[in-house]
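Structural description and commentary
So the chains spell out like this:
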Amino acid sequence: MNIPCVIALDGPAASGKGTISRLIADAYGFAHLDTGMLYRGVAWRILSVGGDPGDDELAAQNARSFSLEGINEGDIRTKEVGAAASVVAANPDVRAALLEFQRLFASNPPGGEKGAVLDGRDIGTVVCPDACVKFFVTASPEIRAHRRWRELVKVQPTLKERAVYEDLVQRDARDAARPDAPMRAAEDAELLDTTDLTIEAAFAAARRVIDGVFQRSKG
Ligand code: DC
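Residues numbered from 1 in each chain as written. Predicted model: local features only at pLDDT ≥ 70, side-chain atom pairs only at ≥ 80, totals over all residues. Heavy atoms only, no water.

**Looking at the environment of Ala8**
Locating Ala8 in the fold gives a position in strand S1 (residues 5–10). Given the relative accessible area of 0%, Ala8 is considered buried. Through-space distance from the C-alpha of Ala8 to that of Arg216 is 18 Å; in sequence the pair is 208 residues apart. Excluding anything up to four places from it in sequence, Ala8 contacts Leu118, Ile123, Gly124, Ala131, Val133, Lys134 and Phe135. (Helix = DSSP H or I, 4+ residues; strand = E, 2+ residues; numbered from the N terminus. Buried < 20%, exposed > 50% of the residue type's maximum accessible area, 1.4 Å probe, protein only. Contact = heavy atoms within 4.5 Å.)

Given below as structure tokens:
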């Protein structure tokens, strides 16, 4: 039996990794998992019952009984849920509970797909260290904040770009400084800086890397 190929994309918020991941998954016929959604889902469940995302026991309980059922994209994509997700993501018990779900997805892609694309912060370093292709997708904080603000302002019209910038910088710092599975590039990851790239150009660059790896593994 062939082991499914995993493509790992890590990087900070609004770097473009989610969009690039979806394009890769469509182009190669792979399943896609946005792993940030799991942490957002746990955070949203806690916030929706008035709980504190910093309550370690409550967060761990939520992560252990986690399911994607009933999670609505619109509810989890807010700035508040993003900030709370970064808090629960620093909890090692939450990470341990969500690890198995991610590895199962990678080793057994739903729909019988021949591979999986996972995007997050620790995919190439912790979740799937044997991924066949790894990227670390990044961009300047200013451009990332601008992109995120443009998305969020559609549903939160009073939101200021400055507030999004500050929140993003704080979230990056927390995600990179936590002791357990911090956000960082795997040593064998390809760096993709999207600051001056359109999404099409970033995707084309990723594709060249993936095709090169596939060609070499055939040859
Ligand atoms: O990618 P995102 O903005 O949806 O992620 C929300 C938070 O979840 C992020 O601030 C850190 C956390 N996260 C993580 O710690 N590990 C992952 N693999 C994915 C997300």
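**Things to note about the state of the cysteines**
Across all of its chains, the model carries 1 disulfide by this definition. Disulfide pairing places Cys5 opposite Cys132 at an S-S distance of 2.0 Å. On the S-S bond that ties Cys5 to Cys132, the torsion sits near 80°, and the link is right-handed. Placement of Cys5 in strand S1 and of Cys132 in the loop between helix H7 (123–127) and strand S4 (133–138) is noted, with a sequence separation of 127 residues between them. For Cys128, which is in no disulfide, the shortest distance to another cysteine sulfur is to Cys132 and amounts to 9.9 Å. (Disulfide = S-S within 2.5 Å.)

**Some details on helix H6 (residues 92–107)**
Taking 1.5 Å of rise per residue, the 16 residues of H6 would be expected to cover 22 Å, and the 22 Å separating its terminal C-alpha atoms lies within 8% of that figure. Restricting attention to buried positions, one finds in H6 the residues Val94, Arg95, Leu98, Gln102, Phe105 and Ala106. The opening residue of H6 is Asn91, an N-cap whose side-chain oxygen sits 2.9 Å from the backbone nitrogen of Asp93. (Expected span 1.5 Å × (residues − 1). Polar contact = N/O pair within 3.5 Å; in protein donor to acceptor, adjacent residues only side chain to side chain.)

**Quick look at the site of the ligand**
By nearness alone, 16 residues border the ligand, and Arg40, Arg95, Arg171, Asp175 and Arg178 come closest of all. In this structure, Arg40 approaches the ligand through a side-chain N or O atom, which is 2.6 Å from an oxygen atom. One nitrogen or oxygen atom from the side chain of Arg121 is found 2.9 Å from an oxygen atom belonging to the ligand. Relative to its unbound accessible surface of 440 Å², the ligand loses 97% to contact with the protein. Of all the elements in the fold, those that place two or more residues in the shell around the ligand are helix H2 (36–48), helix H5 (79–88) and helix H9 (161–177). Here the shell around the ligand gets 3 residues from one element, more than from any other, and that element is H2. For the shell around the ligand, the class distribution of residues is 3 nonpolar, 4 polar and 9 charged. (Near = heavy atom within 4 Å. Areas by Shrake-Rupley, 256 points an atom, 1.4 Å probe, with all protein chains shown as cover. Nonpolar A, V, L, I, M, F, W, Y, C, P; charged D, E, K, R; others polar.)

**A few points about the sheet that holds strand S5 (residues 190–193)**
Taking strand neighbours across the sheet as the criterion, the 5 strands line up as S2-S3-S1-S4-S5 in an open arrangement whose pairing is parallel. The open sheet has two free edges, formed respectively by strand S2 (31–34) and S5, since each of these has just one partner strand. Put simply, the sheet's adjacent strands are angled 20° from each other on average, direction ignored. Of the strand pairs in this sheet, S4 and S5 are connected by 4 bridges, and their pairing is parallel. Residue Thr138 lies in a different strand from S5, and its bridge partner there is Asp193. (Pairing = 2+ DSSP bridges. Axes fitted to C-alpha atoms, helices over the stretch in contact; angles between N-to-C directions.)

**Examining the pattern of salt bridges**
Per the counting criterion, the structure on display carries 9 salt bridges. The structure contains a network of salt bridges with shared partners spanning Asp34, Glu73 and Arg77. (Salt bridge = Lys/Arg side-chain N within 4 Å of Asp/Glu carboxyl O.)

**Quick word on the side chain of Asp119**
Mapped onto the elements, Asp119 comes out in strand S3 (residues 115–120). Engagement of the side chain of Asp119 in a polar contact is seen with the side chain of His32, the distance being 2.7 Å. Apart from the residues lying within four places of it in its own chain, the contact partners of Asp119 are Leu9, Lys17, Gly18, Ser21, His32, Leu33, Asp34, Thr35 and Gly36.

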